[in-house]
Amino acid sequence: MANELVGGIKMNHRTLQLYNYHIWANKRVFEHIKELPQDIYYKKIQGVPLSVSEILVHIYNTDTLWLSVMSGDSFDEIMAVANQLSRETRAKSIEEIETMFLDISNRYKAFFDCQEDLDKAVSCEHPNFGRLETQLSELVQHVVNHGTYHRGNITTMLRRLGHPGVSTDYIFYLYEMNRE
């Protein structure tokens, strides 16, 4: 299966592996949080501007917006999606946002299946930052890095609330995939 072609792309392409890690790590966070007391999900922590639920919504919204960028949507289209997401994701339960994460990961996989080259050149335009010429694989790397950063925030928050975090280090993903 490691060399199976999907949408003309080898399944072992590093970009797909990194995105699969992102899915794996998010799943581990959801499983862990659901084992903790329910109030943890919405609890505000002194000195931290967001709750665990708000961070998960932020990761989801950002994943969705970057898929729009990768799909070639205009800045105005992306901002319309951002405004819609802001309304739709507010105060979602952990089960609801977990389902939304599953949906966005399936949309990413469908997008990847339609790509012939994950290293293809792409450009995106932002009114404040200007035009960026990069590769599709680098945008996926950004999505993964963004998620990793915020999963770390969640671990810190859980520890401040007296609960253990969950390890989502990339190396543990590799070990788990090696056992399968």
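Being a predicted model, the structure only gives us computed values, none of them experimental.

Caption draft 1: Quick look at the overall build of the protein chain. Helix and strand counts for the protein chain stand at six helices and four strands. Going from the N terminus to the C terminus, the protein chain shows its helices and strands as β-β-α-α-α-α-β-β-α-α. For 180 residues, the compact-globule estimate of 2.2 N^0.38 gives 16 Å, and the C-alpha radius of gyration of the protein chain, at 17 Å, lies within 12% of that figure. When its C-alpha atoms are laid out on the principal axes, the protein chain stretches across 45 × 45 × 25 Å. Going through the 180 residues of the protein chain one by one, you find that 40% of them count as buried.

Caption draft 2: The environment of Asp 103, seen in detail. With respect to the helices, strands and loops of the structure, Asp 103 is situated in helix α4 (residues 94-113). Separated by 83 residues in sequence, Asp 103 and Asn 20 have C-alpha atoms that sit 14 Å apart.

Caption draft 3: Looking closely at the pattern of salt bridges. Scanning all chains against the criterion turns up six salt bridges. Lys 27 is the salt-bridge partner of Glu 31, the closest N and O atoms lying 4.0 Å from each other. One end of the pair is Glu 31 and the other is Lys 27, both in helix α1 (residues 14-35) and four residues apart, which spans about a single turn. A relative accessible area of 38% means that Glu 31 is categorised as partly exposed. The salt bridge involving Lys 44 is made with Glu 54; its shortest N-O contact spans 2.7 Å. Taken together, the residues span a long stretch of sequence, with Lys 44 in the loop between α1 and α2 (52-70) and Glu 54 in helix α2 at a distance of ten residues. For Lys 44, a relative accessible area of 49% puts it in the partly exposed group. One continuous salt-bridge network, built from bridges that share partners, spans Glu 125, Arg 131 and Glu 133.

Basis of the calculations
- Residues numbered from 1 in each chain as written.
- Predicted model: local features only at pLDDT ≥ 70, side-chain atom pairs only at ≥ 80, totals over all residues.
- Heavy atoms only, no water.
- Helix = DSSP H or I, 4+ residues; strand = E, 2+ residues; numbered from the N terminus.
- Rg over C-alpha atoms; globule rule 2.2 N^0.38 Å.
- Buried < 20%, exposed > 50% of the residue type's maximum accessible area, 1.4 Å probe, protein only.
- Salt bridge = Lys/Arg side-chain N within 4 Å of Asp/Glu carboxyl O.

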